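# What the coordinates show
If you want the building blocks of each chain, they are given just below.
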Amino acid sequence: MYSQKKTEIFWAIVFILPAVLGFLLWNIIPIISSAVISFTEYRLIGPSIWVGWDNYRFLFVEDFLFPKVIKVTLYYSLVSVPLKLMFALFIAILLNKKIKGLAIFRTIFYLPAIVPLIAATILWIWLFNPDFGLINSFLQIFGIAKIQWIYGSKTVIPSLILMSLWDVGPLMIIFLAGLQGVPRTLYEAADIDGASNFRKFYHVTLPMITPTLLFNLVITIITTLQTFLQPYVMTEGGPNNESLLYLLYLYRTAFKDYEMGLASAQAWLIFIFIALLSYIVFKTSKYWVYYEGK
Amino acid sequence: MKENKKNHTSIFFQTNNKFTYIILISLSFFMIMPLVWLVRSSFMDMKQIFVFPPVWIPDPFTFDNYPEVFEAVPFLRYFVNTFTILIPAVIGTVISCCMGAYAFSRLRWPYRNFVFAVLMTTLMLPYAVTLIPTFLIWAKLGLVNSYWPLIIPKWFGAIFYIFLLRQFFLTIPKELDEAATIDGATPLQILWHIILPLSKPALITVAIFAALAEWNDFLGPLIYLNKDEDFTLAIGLAQFTGLYHSQWNLLMAASTLVVVPVIILFFFAQKHFIEGIALTGTKG
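## Here we look at the overall build of chain B
If you tally the helices and strands in chain B, you get 16 helices and 0 strands. In terms of overall size, chain B is more extended than a compact globule, its C-alpha atoms giving a radius of gyration of 25 Å where 284 residues would be expected to give roughly 19 Å. In terms of its C-alpha atoms, chain B occupies a principal-axis envelope of roughly 80 × 75 × 35 Å. Across chain B, every contact between residues at least 6 apart in sequence was considered, and the portion connecting residues at least 24 apart equals 76%.

## Section: the overall build of chain A
Within chain A, the regular secondary structure consists of 14 helices and 2 strands. For 294 residues, the compact-globule estimate of 2.2 N^0.38 gives 19 Å, and chain A exceeds it by more than 25% at 24 Å. Expressed along its principal axes, the backbone C-alpha trace of chain A runs to roughly 80 × 75 × 35 Å. Taking as baseline every contact in chain A between residues at least 6 positions apart, the subset at least 24 positions apart corresponds to 68%.

## Topic: the domain arrangement of chain B
The assigned domain composition of chain B is domain 1 (2–61) and domain 2 (73–243). Computed over C-alpha atoms only, the centres of domain 1 of chain B and domain 2 of chain B are separated by 36 Å.

## Here's the deal with the packing of helix 14 (residues 260–288) of chain A against helix 7 (residues 128–140) of chain B
One way to put it is that helix 14 of chain A packs onto helix 7 of chain B with a least axis distance of 7 Å and a crossing angle of 150°. Between helix 14 of chain A and helix 7 of chain B, the interaxial angle falls into the category roughly antiparallel. Contacts between helix 14 of chain A and helix 7 of chain B pair M260, A263, S264, A267, W268, I270 and F271 of chain A from the former with A128, V129, L131, I132 and L136 of chain B from the latter. Broken down by class, the residue content of the contact of helix 14 of chain A with helix 7 of chain B amounts to 11 nonpolar, 1 polar and no charged.

## So, the interface of chain A and chain B
Listed as interface residues are 80 residues of chain A and, on the opposing side, 86 residues of chain B. Ranked by residues supplied to the side of chain A that touches chain B, first place goes to helix 1 (residues 2–37) of chain A with 21 residues. Residues belonging to the side of chain A that touches chain B are distributed by class as follows: 58 nonpolar, 15 polar and 7 charged.

## Topic: the nonpolar core
With 155 residues, the main nonpolar core has M172 and A267 of chain A together with Y102, I162, L165 and L237 of chain B as its most contacted residues. Top element by residues in this core is helix 5 (residues 75–105) of chain B. It accounts for 13 residues. No fewer than three residues from each of domain 1 (2–61) and domain 2 (73–243) of chain B sit in this core. Those residues in contact with M172 of chain A that lie beyond four places of it in its chain are A88, I91, A92 and F109 of chain A.

## Quick look at helix 11 (residues 187–198) of chain B
For the α-helix, the turn length of 3.6 residues means that residues three or four positions removed from each other point alike. Residues and elements named next belong to chain B. The end-to-end C-alpha distance of helix 11, which contains 12 residues, comes to 15 Å, matching closely the 16 Å that a straight helix rising 1.5 Å per residue would cover. Those residues of helix 11 not exposed but buried are P187, I190, L191 and I195. Projection of helix 11 onto a plane perpendicular to its axis shows the buried side chains occupying an angular sector of 95°, all on one side.

## Digging into the packing of helix 4 (residues 65–72) of chain B against helix 15 (residues 248–268) of chain B
Residues and elements named next belong to chain B. At their nearest, the axes of helix 4 and helix 15 sit 9 Å apart, and the two run at 85° to each other. Our classification of the angle between helix 4 and helix 15 gives roughly perpendicular. Touching N65, Y66, E68, V69 and A72 of helix 4 are N249, L250, A253, A254 and L257, all from helix 15.

## Some remarks on unusual backbone geometry
In this model, G238 of chain A is joined to P239 of chain A through a cis peptide bond whose omega is -10°. Tracing the chain through its elements places P239 of chain A in the loop between helix 12 (229–234) and helix 13 (246–255). With a phi close to 75°, L44 of chain A is a non-glycine residue in the positive phi region. Overall, L44 of chain A belongs to the partly exposed group, with 13 C-beta atoms counted inside 10 Å. Positioned with a positive phi, N145 of chain B is a non-glycine residue whose angle comes to about 70°. Assignment of secondary structure puts N145 of chain B in the loop between helix 7 and helix 8 (148–151).

## With respect to the environment of I174 of chain A
Residues and elements named next belong to chain A. The topology assignment puts I174 in helix 8 (residues 169–180). Taking the C-beta count within 10 Å as the criterion, I174 has 25 such neighbours and is therefore assigned buried. For the pair I174 and S164, spaced 10 residues apart in sequence, the C-alpha to C-alpha distance is 17 Å.

## Comments concerning the confidence of the model for chain B
Residue and element names in this part refer to chain B. The predicted model of chain B has a mean per-residue pLDDT of 88, with 93% of residues at 70 or higher. For chain B, per-element mean pLDDT is lowest for helix 1 (residues 2–8), which scores 41, and highest for helix 8, which scores 97. For residues 1–10, every residue scores under 50 in pLDDT, and the model assigns this stretch 4 contacts once sequence neighbours within four places are set aside. What the predictor reports for the complex is a pTM of 0.90 with an ipTM of 0.89.

Cut-offs used in this document
Residues numbered from 1 in each chain as written. Chains lettered and ligands numbered in written order. Predicted model: local features only at pLDDT ≥ 70, side-chain atom pairs only at ≥ 80, totals over all residues. Helix = DSSP H or I, 4+ residues; strand = E, 2+ residues; numbered from the N terminus. Rg over C-alpha atoms; globule rule 2.2 N^0.38 Å. Contact = placed C-beta atoms within 7 Å. Domains from an automatic or database assignment. Axes fitted to C-alpha atoms, helices over the stretch in contact; angles between N-to-C directions. Parallel < 35°, antiparallel > 145°, perpendicular 65-115°, else oblique. Nonpolar A, V, L, I, M, F, W, Y, C, P; charged D, E, K, R; others polar. Core = buried A, V, L, I, M, F, W, Y, C linked by C-beta atoms within 7 Å. Buried ≥ 20, exposed ≤ 12 C-beta atoms within 10 Å, placed from the backbone. Expected span 1.5 Å × (residues − 1). Arc of directions from axis to C-beta. pLDDT = per-residue confidence, 0-100.

Structure follows, in structure tokens:
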């Protein structure tokens, strides 16, 4: 028995070796190095010079673009995240009814998420085309004048948000799984009490799916704050830097200007921001997430 | 009164709710129309595409855009390059994740759940923070402009897939392992002969997700590959967009070529997509 325990531990070590090594090599070591590099000036070629807090000071004091990058990223994320979650939940609720053709609808709503993001982005540039795009010609039917979409400094972020609503498929599927886990007896009980549909949603459905909501919320915050491809391909951050999202700015600093130190400082700032935000979400979750049996 | 209540019952489960269908169908249009527009544009010539108001059905249908795309960009080469990365990356992902998932679900060893929890935290780690040092490591090794930086990390397990497989492995009866252990089988033999054959659906799900991740990967190839001839489909397509920025018929044909294989895969393996995604939201 003792030796069997030993063999089990031996094999466990063998089996987790890749994952643990990977954790150290691609996570822990890079995180620490990135912190160290953020205190240096390092341009890939040549020596790295220790500059203390200079990179951080530059971002907060001298860099006139950085406040704008933060503003634009927050604007995009603060609107996109709740809209995506609400939209996904809305579709999931509709699909959770006993409807015919559930499989077809589910496929349709999931389909955009399957489209490779690069292809989707190119397609949306074309959809947003002010003169010949699908969206403006559709709006024209209702007599709405041409909108500049991604080419207008006021409309570029709303355009990216609209596009982000297109691939809510995975969120919707996760919500649907959560909704299907709500015991029907709860609704029956609510019916006996004569609860309205709104009250049923607010007092039964919503509390029961808060664990799912928490999961989706955290995932969506993290991915949305790190949106890169869409502005990189669609707008190059323009017009007038109105779509210069954080990761695009970081990418440019690192791989166009080769300011590895400065870019690492930017990386650490968003890392801290996301960590703090997740911490706050999890800490406050005990006030709004309902776990059955607790 | 009773009748009334029953009617009042559940907008939540009602079978024939016209209102629901109307909303669902209009939202479906929002989802589908862009894709119809994509395909429709790929079958038009330059003249048709810039007609206002736009037409939905190409007249005449032209297939010329597709051969032209292959002439304009080395699409076949990008296709081969993509698979050169994708195949070893997916194999590595599946092997390393199976190993990890097995150790975390069926072997007993000290600190197991603690180690798992620590690895799980990386799910929330923003990729931004590891991007630069990882690049610098590969640059130091002189492997930028090769496929190694895009393949090797995939052999070190991805905790998301380990989690998915672990969830699945946990559903296999423990007695099977115990019986095999009594017969003298090693954990490796148990994994290979018992667990894996029973886990085919989960393995396929992970392989599909991993393959799609490679097919769609943009930032990786963008950072590590600088030579045209090394490009993958994703960055090749982006570069093509820069060069042919107003030839929407060609761009749509090229995009369609990148989309179609994925859609075909989706329709053959839809169950795996939906179940895999749904599983993500459940706690272990």
